[in-house]
Amino acid sequence: MPESSDLVQGTLEMLVLKTLALDPMHGYGIALRLEQVSDGVFRINPGSLLPALSRLERAGRIKAEWRATENNRRARYYQLTNRGRKALAEERAQWDRQISAITRILEA
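Cut-offs and rules
Residue positions are given per chain, counted from 1 along the sequence in the order it is written. With pLDDT at 70 or above as the cut-off, local features in this predicted model cover only qualifying residues; side-chain atom pairs require 80 or more to be listed or tallied, and sums for whole chains, interfaces and linings still use all residues. Hydrogen atoms and water are omitted, and side-chain values are computed over all heavy atoms in the structure. Strands are runs of DSSP state E lasting at least 2 residues, helices are runs of H or I lasting at least 4, and numbering of each runs from the N terminus. Note on definitions: a residue-residue contact is assigned when non-hydrogen atoms from the two residues lie within 4.5 Å. Per-residue and other accessible areas follow the Shrake-Rupley method at a 1.4 Å probe size, with only the shown protein chains counted as cover for residues. Charge counting treats Lys and Arg as positive and Asp and Glu as negative, with His and both chain ends excluded. One atom stands in for each charge, and that atom is NZ of Lys, CZ of Arg, CG of Asp or CD of Glu. Buried means the residue's accessible area, taken with a 1.4 Å probe over protein chains only, is under 20% of the maximum for its type, while exposed means over 50%, and partly exposed covers the values in between. Whenever Lys or Arg places a side-chain nitrogen within 4 Å of a carboxyl oxygen from Asp or Glu, that contact is recorded as a salt bridge.

- An unreviewed UniProt entry lists the chain under the name PadR family transcriptional regulator, with Alloacidobacterium dinghuense given as the organism.

## Remarks on the overall build of the chain
Moving on, step 1. When you go through the chain residue by residue, the secondary structure sums to four helices and three strands.
Moving on, step 2. Along the chain, helices and strands appear, N-terminal first, in the series α-β-α-α-β-β-α.
Moving on, step 3. For the chain, the spread of C-alpha atoms along the principal axes amounts to about 55 × 35 × 20 Å.
Moving on, step 4. Residue pairs in contact within the chain that sit at least 24 positions apart in sequence constitute 53% of those at least 6 positions apart.
Moving on, step 5. Total accessible area on the chain is roughly 7500 Å²; 50% of this is exposed by carbon and sulfur atoms.
Moving on, step 6. Separation of charge centres in the chain, based on 17 positive and 13 negative side chains, amounts to 8 Å.

## Regarding helix H2 (residues 27–37)
Moving on, step 1. Among the residues making up H2, those that are buried are Gly27, Gly29, Ile30, Ala31 and Leu34.
Moving on, step 2. Tucked inside the fold, the buried residues of H2 contact helix H1 (12–20), strand S1 (25–26), helix H3 (46–58) and strand S3 (74–80).
Moving on, step 3. Backbone geometry just after H2 places Asp39 at a positive phi near 55 degrees.

## Some remarks on the environment of Arg104
Moving on, step 1. As for its position among the elements, Arg104 is in helix H4 (residues 82–107).
Moving on, step 2. Using a relative accessible area of 56% as the deciding quantity, one classes Arg104 as exposed.
Moving on, step 3. Once the C-alpha coordinates of Arg104 and Tyr78 are considered, the two residues, 26 residues apart in sequence, prove to be 37 Å apart.

## What about the pattern of salt bridges?
Moving on, step 1. With the rule as written, the count across this model stands at six salt bridges.
Moving on, step 2. Two residues, Glu57 and Arg76, come together in a salt bridge whose shortest N-O distance is 2.9 Å. On the criterion of sequence distance, the pair formed by Glu57 in helix H3 and Arg76 in strand S3 is long-range, its members being 19 residues apart.
Moving on, step 3. Judged by its relative accessible area of 27%, Arg76 is partly exposed.
Moving on, step 4. For Arg61, the salt bridge is made with Glu91, and the minimal N-O distance between the two is 2.9 Å. Residue Arg61 is found in the loop between H3 and strand S2 (62–68), and its partner Glu91 is found in helix H4; the two are separated by 30 residues along the sequence.
Moving on, step 5. In this structure Arg61 comes out as partly exposed when scored by relative accessible area, which is 23%.

If you want it as structure tokens, here you go:
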């Protein structure tokens, strides 16, 4: 298993938006999905995830509602809003520009 790593500062919210673009999820599901897709490189702790979800909800990028989980427990499910989809597209474009610039610098 790869060694876990810290996220690049400012990327957690973009990764949460991307995760929620697929399906509504509860917080644990979001953290698990990020860990699985990153092959264990990123392990998101609740102390980072819950404030990020709160910021995204206050900004209108996601909305939340209480639902029953697959285990019949209550959990707060988060869903991407139209504002969140637009923000994700903008952040993705900015991320792509930054990665291209860093790659050019490293290969110069």
